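Each chain, letter by letter, is given below.
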Amino acid sequence: MTKAASKRDEHRLTGQLLIAMPTMSDKRFAQSVIYLCAHTEDGAMGLVLNRPLASPTFEDLLRQLDVTPTPPARRIALCDGGPVDGARGFVLHTADWTGDGSLRVDESVALTASLDVLKAIAAGDGPRAGLLALGYASWVAGQLDAEVQSNAWLTAPASLELIFDDDHSTKWRRAFASLHVDPALLSGVAGHA
């Protein structure tokens, strides 16, 4: 395998969606859609996209962080990004804006964990679209690959519409529909050729 092919394979799921199979037994991830921000030989990190938070509100969070103006000129949705470190915030956003500490996931999506992006959004600037995730999902080396092989997750290309729209109640079904798959017709048994 060439070095370039190895590098591509190493990051093969970065920027993809993970869609929980209907048989997902871990209640924290049942019917979840996760955007994978990183997938390397050392592990993986992603954000759950379809678990909106009613509290705190974006405005409450800006007040807690002493970010002005309050009320903000713009708002973004807040979601429960996953079961790890729920006090830590990440803004997943379109890559038309980047700041200090921004990580470009792919050509259209970036991830920022600094206050710069919140200040820009509050001022009415910043990325065209974004969401603030509190917490994240992570996997140790080889764990995600094993879960995909054991039929816990399907992977799919990510679209900006699916990532950033506010229709959380249908996001899981729409992620399956993007693959032309009806989750009601899926088997919980993994097959091997």
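Data block above holds the structure.
1. Considering the pattern of salt bridges
Here is step 1 of the chain: Applying the stated criterion to the full structure yields eight salt bridges.
Here is step 2 of the chain: Ionic pairing is found between K171 and D165, a salt bridge with its closest N-O pair at 3.4 Å.
Here is step 3 of the chain: The partner of D165 in a salt bridge is R174, and the shortest N-O contact between them spans 2.6 Å.
Here is step 4 of the chain: Exposure remark for D165: the relative accessible area of 18% places this residue in the buried category.

2. Looking at the environment of A141
Here is step 1 of the chain: Position of A141 among the secondary structure elements: in the loop between β8 (130–140) and α4 (143–149).
Here is step 2 of the chain: In this structure the C-alpha to C-alpha distance between A141 and M24, which are 117 residues apart in sequence, comes to 20 Å.
Here is step 3 of the chain: Ignoring any residue separated from it by four or fewer positions in sequence, one finds A141 in contact with E41, D42 and G43.

3. Some words on the environment of A156
Here is step 1 of the chain: As for its placement among the helices and strands, A156 is situated in strand β9 (residues 153–157).
Here is step 2 of the chain: Considering only alpha carbons, one finds A156 and L13, 143 residues apart in sequence, at a separation of 9.0 Å.
Here is step 3 of the chain: Setting aside its immediate chain neighbours within four residues, A156 contacts Q16, L17, I19, S178 and L179.

4. Details of the environment of G81
Here is step 1 of the chain: Topologically, G81 is positioned in the loop between β4 (77–80) and β5 (84–94).
Here is step 2 of the chain: The class of G81 is buried, set by a relative accessible area of 0%.
Here is step 3 of the chain: Along the primary structure G81 and L53 are separated by 28 residues, whereas in three dimensions their C-alpha atoms are 9.6 Å apart.

5. Let's talk about the pairing of strand β3 (residues 43–48)
Here is step 1 of the chain: Counted residue by residue, β3 has six buried out of six residues, so it is predominantly covered.
Here is step 2 of the chain: Across four bridges, the pairing between β3 and β8 is antiparallel. Looking at the pairing, G46 lines up with A137 of β8.

6. Re the nonpolar core
Here is step 1 of the chain: Residues Y35, L47, L92, W139 and W153 are the most contacted members of the largest nonpolar core, which totals 40 residues.
Here is step 2 of the chain: Listed in part, the 15 residues of the second largest apolar core include F58, I76, W97 and I121.

7. Side note on helix α3 (residues 115–122)
Here is step 1 of the chain: Listing the buried residues of α3 in full gives V117, L118, A120, I121 and A122.
Here is step 2 of the chain: The secondary structure elements touched by the buried residues of α3 are α2 (58–64), β5, β7 (109–112) and β8.
Here is step 3 of the chain: Of the residues trailing α3, G124 is marked for its positive phi of about 95 degrees.

Criteria and cut-off values
Residues numbered from 1 in each chain as written. Predicted model: local features only at pLDDT ≥ 70, side-chain atom pairs only at ≥ 80, totals over all residues. Heavy atoms only, no water. Salt bridge = Lys/Arg side-chain N within 4 Å of Asp/Glu carboxyl O. Buried < 20%, exposed > 50% of the residue type's maximum accessible area, 1.4 Å probe, protein only. Helix = DSSP H or I, 4+ residues; strand = E, 2+ residues; numbered from the N terminus. Contact = heavy atoms within 4.5 Å. Pairing = 2+ DSSP bridges. Core = buried A, V, L, I, M, F, W, Y, C linked by side-chain atoms within 4.5 Å.

By themselves these figures say nothing about function.
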